[in-house]
Amino acid sequence: MTQPISAFRVPSLDQVPSTQATSKTGDGFLNTLDRALEQVSSAQKASGTQDQALISGAPGASLEKAVAADARAKVDWTAAVAVRNEVVNAYNTIMNMPV
């Protein structure tokens, strides 16, 4: 099972210097990223809850639900890592551009 990413926090728009934030009311990149990370974290928590329910024999718990929750969490995590890798590659490309 993957580790929860709740330790990773995207700074709020109030913490970003005004030169980097174009709009405090818009649905900017930081808000989108924060919502996506929250979704990944909640999928991982749901996966853990389903796993615990299955292990403890809770009523209504099933292997199918646990496997589906685990798969959903893995897909979300893989997508988050892929996006992170693309952002890092874009940053490196920009930093290596001649001025």
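Provided above is the structure to which this section pertains.
Within every chain, residues take consecutive numbers counted from 1 along the sequence as written. Local features are withheld for residues below a pLDDT of 70 in this predicted model, meaning they are given only at 70 or higher, and side-chain atom pairs are given and counted only at 80 or more; totals for whole chains, interfaces and linings count all residues. Heavy atoms from the whole structure form the basis of all side-chain values; hydrogens and water molecules are not counted.

**Focus: the overall build of the protein**
For the record, the criterion: Numbering goes from the N terminus for both helices and strands, where a helix is a DSSP run of H or I of at least four residues and a strand is a run of E of at least two. In this scheme, a residue with accessible area under 20% of its type's maximum is buried, one over 50% is exposed, and one in between is partly exposed, where area comes from a 1.4 Å probe on protein chains only. Note on contacts: a residue pair qualifies if any of its non-hydrogen atoms lie within 4.5 Å across the two residues. Throughout, the Shrake-Rupley method with a 1.4 Å probe supplies accessible areas, and for residues the shown protein chains are the sole cover considered.
On a plain count of helices and strands, the protein comes out with 2 helices and 0 strands. Out of the 99 residues in the protein, the part that is buried amounts to 19%. A fraction of 56% describes how many contacts in the protein between residues 6 or more apart in sequence connect residues 24 or more apart. A total of about 7,500 Å² of accessible surface is found on the protein, and carbon and sulfur atoms cover 61% of it.

**Some details on helix H2 (residues 63-95)**
What counts here: The span expected for a helix works out to 1.5 Å for each residue beyond the first.
Taking 1.5 Å as the rise per residue, H2 with 33 residues should run 48 Å; its terminal C-alpha atoms sit 48 Å apart, in good agreement. Looking at the packing, one finds that the buried side of H2 touches helix H1 (29-56).

**Comments concerning the packing of H1 against H2**
The axes of two packed helices give the description: the angle between them and the distance between them. Counted only if it meets this: Axis definition: a line fitted to C-alpha atoms, limited for helices to the stretch in contact. Angles are taken between N-to-C directions and run from 0 to 180 degrees. Just so you know how the angles are binned, under 35 degrees is roughly parallel, over 145 roughly antiparallel, 65 to 115 roughly perpendicular, and the rest oblique. Put simply, a crossing is left-handed when the front helix is turned counterclockwise from the back one by less than a right angle, and right-handed when it is turned clockwise.
The interhelical angle for the contact between H1 and H2, taken along N-to-C directions, is 155°, at an axis separation of 8 Å. Classified by the angle their axes make, H1 and H2 are roughly antiparallel. Considering only the axes of H1 and H2, their crossing is left-handed. For the pair H1 and H2, contact is made by Phe29, Gln39, Val40, Ala43, Gln44, Ala46, Ser47, Gln50, Asp51 and Leu54 and by Leu63, Lys65, Ala66, Ala69, Asp70, Ala73, Asp76, Trp77, Ala80 and Val87, respectively.

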